[in-house]
Amino acid sequence: MLAAPINPADINMIQGTYAILSPLPAVGGNEGVGEVLEVGRRVAALKPGDWVIPAGAGLGTWRTQGVFPEETLLKVPSDIPVLCAATLSVNPCTAYRMLADFETLAPGDSVIQNAANSGVGQAVIQIAKASGIKTINVVRDRPDLPKLVERLMALGADHVITEEMLRKPEMKDIFKSIPKPRLALNCVGGKSTTEMLRHLQPKGTMVTYGGMAKQPVMVPVSAFIFRDVRLRGFWMTQWRKDHAQDQESLASMMDALCQLIRRGQLAAPACTEVPLQDYKAALEATMKPFTSSKQILLL
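Residues numbered from 1 in each chain as written. Predicted model: local features only at pLDDT ≥ 70, side-chain atom pairs only at ≥ 80, totals over all residues. Heavy atoms only, no water.

Asks: Could you clarify how one ought to interpret the overall build of the protein chain in this entry?
Replies: Counting its regular elements, the protein chain contains eleven helices and twelve strands. Its C-alpha radius of gyration of 19 Å places the protein chain within 12% of the 19 Å reference for a compact globule of 299 residues. Here the C-alpha coordinates of the protein chain stretch approximately 65 × 40 × 35 Å along the principal axes. Counting every position in the protein chain, which comprises 299 residues, the buried fraction comes to 45%. When contacts within the protein chain are restricted to residue pairs at least 6 apart in sequence, long-range pairs at least 24 apart make up 68% of them. Here the protein chain displays about 14,900 Å² of accessible surface, and carbon together with sulfur accounts for 55% of that area. (Helix = DSSP H or I, 4+ residues; strand = E, 2+ residues; numbered from the N terminus. Rg over C-alpha atoms; globule rule 2.2 N^0.38 Å. Buried < 20%, exposed > 50% of the residue type's maximum accessible area, 1.4 Å probe, protein only. Contact = heavy atoms within 4.5 Å. Areas by Shrake-Rupley, 256 points an atom, 1.4 Å probe, with all protein chains shown as cover.)

Asks: Quick question: what am I supposed to make of the pairing of strand 5 (residues 110-113) here?
Replies: Within a regular strand, side chains alternate between the sheet's two faces. Judged by which residues are buried, strand 5 turns out to be covered on both faces: Ser-110 and Ile-112 on one side and Val-111 and Gln-113 on the other are all buried. With four bridges joining them, strand 5 and strand 6 (residues 134-139) adopt parallel strand pairing. In the sheet register, Gln-113 faces strand 6, and the bridge partner there is Asn-137. Taken together, strand 5, helix 4 (residues 119-130) and strand 6 constitute a β-α-β crossover, and its handedness is right-handed. (Pairing = 2+ DSSP bridges. Right-handed = clockwise from strand over helix to strand, strands pointing away.)

Asks: Help me understand the packing of aromatic side chains in this model?
Replies: Each aromatic ring pair is characterised by the separation of its centres together with the angle its planes make. Applying the stated criterion across every chain, the model contains two aromatic pairs. Here the aromatic rings of Tyr-18 and Trp-235 are separated by 5.9 Å at their centres, their planes lie at 80°, and the arrangement is edge-to-face. In this pair, Tyr-18 sits in the loop between helix 1 (8-15) and strand 2 (34-35) while Trp-235 sits in the loop between strand 10 (230-233) and helix 9 (236-242), placing the two residues 217 residues apart along the sequence. On the accessibility criterion, Tyr-18 (23% relative accessible area) is partly exposed. Taking the relative accessible area as the measure of exposure, Trp-235 reaches 28% and is therefore partly exposed. Aromatic pair Phe-102 and Phe-234: ring centres 6.2 Å apart, planes at 90°, arrangement edge-to-face. Placement of the pair is Phe-102 in the loop between helix 3 (91-101) and strand 5 and Phe-234 in the loop between strand 10 and helix 9, with a sequence separation of 132 residues. With respect to class, Phe-102 is no different from Phe-234; both count as buried. (Phe/Tyr/Trp six-rings, centres within 6.5 Å; stacked < 30°, edge-to-face > 60°.)

Asks: What is the right way to read the pattern of salt bridges from this model?
Replies: Pairs can form between side chains of opposite charge once their charged atoms are near each other. Within this structure, the stated rule accounts for eleven salt bridges. The partner of Lys-75 in a salt bridge is Asp-50, and the shortest N-O contact between them spans 3.7 Å. Taken together, the residues span a long stretch of sequence, with Lys-75 in strand 4 (residues 73-76) and Asp-50 in the loop between strand 2 and strand 3 (51-54) at a distance of 25 residues. The network of salt bridges with shared partners includes Glu-103, Asp-109, Arg-182 and Arg-230. (Salt bridge = Lys/Arg side-chain N within 4 Å of Asp/Glu carboxyl O.)

Asks: Please explain the environment of Val-229 as it appears in this structure.
Replies: Note that Val-229 resides in the loop between helix 8 (221-225) and strand 10. The class of Val-229 is buried, set by a relative accessible area of 4%. Separated by 32 residues in the primary sequence, Val-229 and Leu-197 have C-alpha atoms spaced 8.6 Å apart. In this structure, Val-229 is in contact with Leu-197, Leu-200, Gln-201, Lys-203, Gly-204, Ala-223 and Phe-224, ignoring residues within four places of it in sequence.

Shown next as structure tokens:
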């Protein structure tokens, strides 16, 4: 293994609260990149020197070496930065699929999302920017808010606002220059989601892919009756299962993402590189509030 991030889902698996739990004893980590050292006689698609990432969840990437069946790995190009490869299979794929699969978006359309500073949020901003789609990005208020706003704008965000701003009349000013969003991406739940939903176009779709606030999604009855909004869910692991026999869709997505990386239109999320022996500090940092930097274990 070369490098592996610590994602919220990894923590949830350790806590026993995630939808997939590995049989114990288990190795943590669902994402990362490794280099093939040796292959068995019947291995056809991989050779020594190839870079590989997990083809699914539960592989256990927080390790220095491993022996895996060929079908559990996916070859990726070795000409992209190692941190991009290590963080490719979860967040960018989630962002790509949510932007592509729920609404037909065209250049000039807009998307609104909360948790915009998360790994998925940063990928949404960049992929949308490359497609000419405008983004309205909601973050929690915090002491270093101006720095965060500056960083997200540098990635290509069109608007960065706090959860409190969602409730203010000034939101109307944003929609003077861009259309109301047809797609909302929710990773939080609770009040943030209810307020974000108010700005969705009639017949628009809100996709929930996380629940950081650990609060339910509350939707006014009027949003269903008078605006006919749609509420959907998305889980990358389920998408992979549903498309296990559709290698063309997977290959097309990975190729599109790698092309964006090569063109400098998709960077790895803000990262802190940590030697494997300091994994405890990395886990503690991941669980702190207002975390904007992903911990990457160097293996």
